[in-house]
Amino acid sequence: MHIPFTKMQGAGNDFVVLDETQGRLGLNREQYRFLADRHFGVGADQILSVRAASAPGIDFEYAIHNADGGEVEHCGNGARCFMRFVHSRGLTTERSVRVQTMERVLQLNMQADGRVTVDMGLPVFDLAQIPFDPQGLQPVAVNLWQKWPLALTPSAQEAIFSVAVVSMGNPHAVHVVDDVDTAPVQTASPLVQALPNFPNGVNVGHLQVVDRGHIRLRVFERGAGETLACGTGACAAVVAGIRLGLLDAGVDVDTRGGGLTIEWAGLGQPVRMTGPATTVFDGSITIPD
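Residues numbered from 1 in each chain as written. Predicted model: local features only at pLDDT ≥ 70, side-chain atom pairs only at ≥ 80, totals over all residues. Heavy atoms only, no water.

(A) How the structure looks around the pairing of strand β14 (residues 214-221). Within β14, six of the eight residues are buried, which leaves the element mostly enclosed by the surrounding structure. Where strand β13 (residues 203-211) lies against β14, seven bridges are found, and the strand directions are antiparallel. In the sheet register, Leu207 faces β14, and the bridge partner there is Leu217. Taking the residues that link successive antiparallel strands as the turn, the β13-β14 hairpin has two residues. Here β14 pairs with strand β16 (residues 250-255) via three bridges, running parallel. Its bridge partner lying in β16, His214 is registered against Asp252. Following β14, the chain reverses through three residues before pairing antiparallel with strand β15 (residues 225-227); Gly223 in that reversal takes a positive phi of roughly 70 degrees. (Buried < 20%, exposed > 50% of the residue type's maximum accessible area, 1.4 Å probe, protein only. Helix = DSSP H or I, 4+ residues; strand = E, 2+ residues; numbered from the N terminus. Pairing = 2+ DSSP bridges.)

(B) Highlighting the pattern of salt bridges. Applying the stated criterion across every chain, the model contains 14 salt bridges. Between Asp45 and Arg38 there is a salt bridge; the shortest N-O distance is 3.1 Å. Since its relative accessible area comes to 8%, Asp45 is described here as buried. One salt bridge in this structure joins Asp248 and Arg212, with 2.9 Å as the shortest N-O distance. Of this pair, Asp248 sits in the loop between α4 (231-243) and β16 while Arg212 sits in the loop between β13 and β14, and the two are 36 residues apart along the sequence. (Salt bridge = Lys/Arg side-chain N within 4 Å of Asp/Glu carboxyl O.)

(C) Spatial organisation of unusual backbone geometry. With an omega dihedral of -10 degrees, the bond running from Ile130 to Pro131 counts as a cis peptide bond. As for its placement among the helices and strands, Pro131 is situated in the loop between β8 (116-121) and β9 (140-142). With a phi angle near 55 degrees, Ala11 is a residue other than glycine that sits in the positive phi range. Along the chain, Ala11 turns up in the loop between β1 (2-10) and β2 (13-20). Despite not being glycine, Asn143 has its phi angle at roughly 50 degrees, a positive value.

(D) Fine view of helix α1 (residues 29-36). Buried within α1 are the following residues: Gln31, Tyr32, Phe34, Leu35 and Ala36. Each element contacted by the buried residues of α1 is listed here: β1, β2, β3 (46-52), β4 (60-66) and β19 (278-286). The opening residue of α1 is Asn28, an N-cap whose side-chain oxygen sits 3.2 Å from the backbone nitrogen of Glu30. (Contact = heavy atoms within 4.5 Å. Polar contact = N/O pair within 3.5 Å; in protein donor to acceptor, adjacent residues only side chain to side chain.)

(E) A look at the nonpolar core. Counting 55 residues, the largest nonpolar core has Tyr62, Leu108, Val253 and Ile262 as the members making the most contacts within it. Take this core: its biggest share by element is eight residues, from α4. Sequence-distant contacts of Leu108, that is, excluding residues within four places in its chain, are made with Ala79, Phe82, Met83, Arg95, Ser96, Val97, Val99, Thr117 and Val118. (Core = buried A, V, L, I, M, F, W, Y, C linked by side-chain atoms within 4.5 Å.)

(F) Summary view of α4. A rise of 1.5 Å per residue sets the reference length of α4, with its 13 residues, at 18 Å; its end C-alpha atoms lie 18 Å apart and thus fit the reference within 8%. Judged by how many residues are buried, α4 sits mostly within the fold: 13 of 13 residues are covered. One or two steps after α4, the chain reaches Gly245, where phi turns positive at roughly 85 degrees. (Expected span 1.5 Å × (residues − 1).)

(G) Up close: the packing of aromatic side chains. Inspection of the entire model under this criterion finds seven aromatic pairs. Ring centres 5.3 Å apart and planes at 65 degrees place the aromatic pair Phe132 and Trp148 in the edge-to-face group. Here Trp148 lies in strand β10 (residues 145-150) and Phe132 lies in the loop between β8 and β9, a separation of 16 residues in the sequence. With a relative accessible area of 3%, Phe132 lands in the buried category. Centre to centre, the rings of Phe132 and Phe198 are 5.0 Å apart; their planes meet at 45 degrees, and the pair counts as tilted. You can see Phe132 sitting in the loop between β8 and β9 and its partner Phe198 sitting in the loop between α3 (185-193) and β13, a full 66 residues away along the chain. Both residues of the pair, Phe132 and Phe198, belong to the buried class. Among the aromatic residues, those joined into a cluster by ring pairs are Phe60, Tyr62 and Phe82. (Phe/Tyr/Trp six-rings, centres within 6.5 Å; stacked < 30°, edge-to-face > 60°.)

Here it is as structure tokens:
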């Protein structure tokens, strides 16, 4: 199968974008993995499939597949690239569109400066919906919320990794650190992801507070490992920081791939994310059957 694609990136989080508005390609898990492979395929953190709407009041649908080929619920940086893609391809002239993902409907808005603002919806704190199984764990109360101490090895005598858990349509565990440069991103994150407390896996964020309106962040994602940026991870980190009493309602987030701005007015309010989206190149590729 020979298919066209567009390579895009948002704050360094990179994507292969496929136009399926005229019909679905029907790719399988191995074919998504091939596209994402940085040696034999195009190379990407995730594959975004742009699809026609199937319900009233929705402008588009899109599916998200991680580099390991598995489908996931949400991707904030991908949503911004999605908006840039449908505009550049002439699939819409509207500066505001509603997009259906696996878990929720997103409102995407093109700004005058070329950046894209995404209404990421409400953060989810109900443990069953995240999902997060607290069996065997004892929470620690912090600022009318809680953090969960995790034992990362069976032989651990006491928990050594404390996280706040939240969903932005996909599950996140946020760990506050003194310095993201020395945080155990590569060593501790896979251990957290392997815990049975996260039945659907989890994205692990390492959050450094610079001041109440500024953080640094590294995220180790499900199915992709550490990425240069993670939009939902940035939202989860800011929400967690606000609920823990560390941050104000508007926060600039420095990722290794660039900057994002996250706004959250508090419980019952949606999270808004603003950031860049860039087309890198267009191409075509033959995918093995």
